[in-house]
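Examination of the molecular architecture
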Amino acid sequence: MASLSQMKNPLLVGTAIRAQLEHEIPRDLPLEKDFKEGSGYTITDHIDELHETLCKNPRTLELIKGLTHALHGFARQTKLTHAEWAATIDFLTRAGKISTPARNEFVLLSDTLGLSVLIDELEHPKPEGCTEGCEPGPFFIAEPPIIKSGGSLSAPGTTGERMWFSGSVRDTEGSGIPDARVNVWQADGDGLYDVQYSDPNIANDRGCIPTEHDGTFNYRGILPTAYPIPSDGPVGDLLKMLGRHPHRSSHLHFHITAPGYDSLTSALYPSHSPFLGTDPVFATRKSLICELVEEKDSKKWKEMGFEESELQGVSRIWVWKFDFVLPTVKQVEDLKKSIQA
Ligand SMILES: [Fe+2]
């Protein structure tokens, strides 16, 4: 184990380390044991000992310990080769290079490997009867424009067929939750989100709708269509290798918050959409698939709040209804404890 004088000796330590020692002196340890596969003391044991001795944050220690065990276990189980690991590092490097503020390849990787949905299930387990959740995907914006219930989510000229969404946010007893914040975002009738258009700063097909006193809300919008997740990068290549496609079913995204309740990130799917059973990001659930109704009575369209200018050439309005059920924070905490017990 090196002494402080050894650490500062210019014969033993280069300029870069000596400069760093001006600010922080690292702790050194004696090398007592060699590690070897199959010897009863492996690299996994050695790295555990090192981290347990040096790491001061228990949660960091727990996370890194779990990660190194999983990675080492993966290498042992698959007899991973240098060439295969180099290809993996090249894959991750390409994922980093293709990522931009508007497109994060690592989010796609997490989603397509089912990790995002698993983390959501672990952090937000749903008591019986509560609406199931899923990951927000890459197009979530935390503070979209506020839109009063009954308003329009879509700008004039937005591509797609007209849709009227009517819903409510309720507790597990069935009571409406007033002033819950319903953040909605969706693709248009061409399968594109507002941020994918030439001016990504113009919000469209998204908004935050506060619920009415009885927990209900509704809005006028556009029926979304199916679209592919970005597939021109390494994640797209991986999906091809796995025989999978990148296409997501049509859907509406929701992120719902209310004081005292566990926040819900979820999405709803029309039963007519393709790709429900092969979702590349594993976000579809049977309970989130909705039967839509085509309303052809123009008198009803006015009752929904549609204006004359929105109805040019319209022959039907798609009516989409859904009631969300949110658990309280305490219900979720109690459920987590019972799952761990
Ligand atoms: Fe989406």
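Predicted model only: the values in this text are computed from it and were never measured. (Residues numbered from 1 in each chain as written. Predicted model: local features only at pLDDT ≥ 70, side-chain atom pairs only at ≥ 80, totals over all residues.)

**Observations concerning the UniProt feature "domain: Intradiol ring-cleavage dioxygenases" (unreviewed entry) in the protein**
- Mapped onto the present numbering, the UniProt feature "domain: Intradiol ring-cleavage dioxygenases" (unreviewed entry) falls on residues 137–306.
- Secondary structure across residues 137–306 divides into 8% helix and 29% strand, with the first and last C-alpha atoms of the span separated by 30 Å. (UniProt positions renumbered as here; feature names shortened; annotations may be inferred. Helix = DSSP H or I, 4+ residues; strand = E, 2+ residues; numbered from the N terminus.)

**Details of the sheet that holds strand β2 (residues 181–186)**
- Overall, mixed pairing links the five strands, which are arranged β3-β2-β7-β8-β9 in an open sheet. Edge positions in the sheet fall to β3 (206–210) and β9 (289–290), since each has one partner strand and no second.
- One ladder, built from two bridges, connects strand β8 (residues 264–270) with β9; its direction is parallel. In the sheet register, Pro270 faces β9, and the bridge partner there is Cys290. (Pairing = 2+ DSSP bridges.)

**Some details on the domain arrangement of the protein**
- Each domain of the protein was delimited in the assignment, giving domain 1 (4–78) and domain 2 (110–340).
- The straight-line distance from the C-alpha centre of domain 1 to that of domain 2 is 46 Å. (Domains from an automatic or database assignment.)

**Observations regarding the UniProt feature "domain: Catechol dioxygenase N-terminal" (unreviewed entry) in the protein**
- Within the UniProt annotation, "domain: Catechol dioxygenase N-terminal" (unreviewed entry) is assigned to residues 57–130.
- For residues 57–130, the helix share is 74%, the strand share is 0%, and the end-to-end C-alpha distance is 35 Å.

**Re the pairing of strand β11 (residues 317–325)**
- Both strand β1 (residues 162–170) and β11 contribute to a ladder of eight bridges, which runs parallel. Residue Met163 lies in a different strand from β11, and its bridge partner there is Trp318.
- Here strand β10 (residues 293–295) pairs with β11 via three bridges, running antiparallel. The residue bridging Glu295 from the neighbouring strand is Ile317, located in β11.

**Concerning the nonpolar core**
- With 40 residues, the main nonpolar core has Val169, Val182, Ile256, Ala267 and Leu326 as its most contacted residues.
- If you list the elements that add at least two residues to this core, you get β1, β2, β4 (216–222), β7 (252–257), β8 and β11.
- With near-sequence residues (within four places) excluded, Ala267 lies in contact with Cys134, His251, Leu252, His253, Phe254, Ala283 and Leu288. (Core = buried A, V, L, I, M, F, W, Y, C linked by C-beta atoms within 7 Å. Buried ≥ 20, exposed ≤ 12 C-beta atoms within 10 Å, placed from the backbone. Contact = placed C-beta atoms within 7 Å.)

**Describing helix α5 (residues 82–98)**
- The end-to-end C-alpha separation of α5 is 24 Å, in line with the 24 Å expected for 17 residues at 1.5 Å each.
- Counting buried positions over the 17 residues of α5 gives zero, only a small fraction of the element. (Expected span 1.5 Å × (residues − 1).)

**Points about the sheet that holds β10**
- Judged by pairing direction, the sheet is mixed, and its four strands sit side by side in the order β4-β1-β11-β10 without closing on themselves. At either end of the open sheet lies a strand with only one pairing partner, and these are β4 and β10. Averaged over all pairs of adjacent strands, the angle between their axes in this sheet comes to 25°, without regard to strand direction.
- Sheet topology note: the β1/β4 ladder contains seven bridges and is antiparallel. Within β4, the position partnered with Gly167 by the bridge is Phe217. (Axes fitted to C-alpha atoms, helices over the stretch in contact; angles between N-to-C directions.)

**Some remarks on the environment of Ser110**
- As for its placement among the helices and strands, Ser110 is situated in helix α6 (residues 105–112).
- The exposure class of Ser110 is partly exposed, given the 18 C-beta atoms found within 10 Å.
- Linking Ser110 and Val235, residues 125 residues apart in sequence, is a C-alpha distance of 9.8 Å.
- Look past the residues within four positions of Ser110 in its chain and what remains in contact with it is Leu115 and Ser116.

**Overview of the packing of α6 against helix α8 (residues 234–241)**
- It is the contact of α6 with α8, at a shortest axis distance of 9 Å, that shows an interaxial angle of 25°. The orientation of α6 with respect to α8, classified from their angle, is roughly parallel. Contacts between α6 and α8 involve Glu105, Leu108, Leu109 and Thr112 from the former and Pro234, Val235 and Leu239 from the latter.
- In the contact of α6 with α8, the residues fall into five nonpolar, one polar and one charged. (Parallel < 35°, antiparallel > 145°, perpendicular 65-115°, else oblique. Nonpolar A, V, L, I, M, F, W, Y, C, P; charged D, E, K, R; others polar.)

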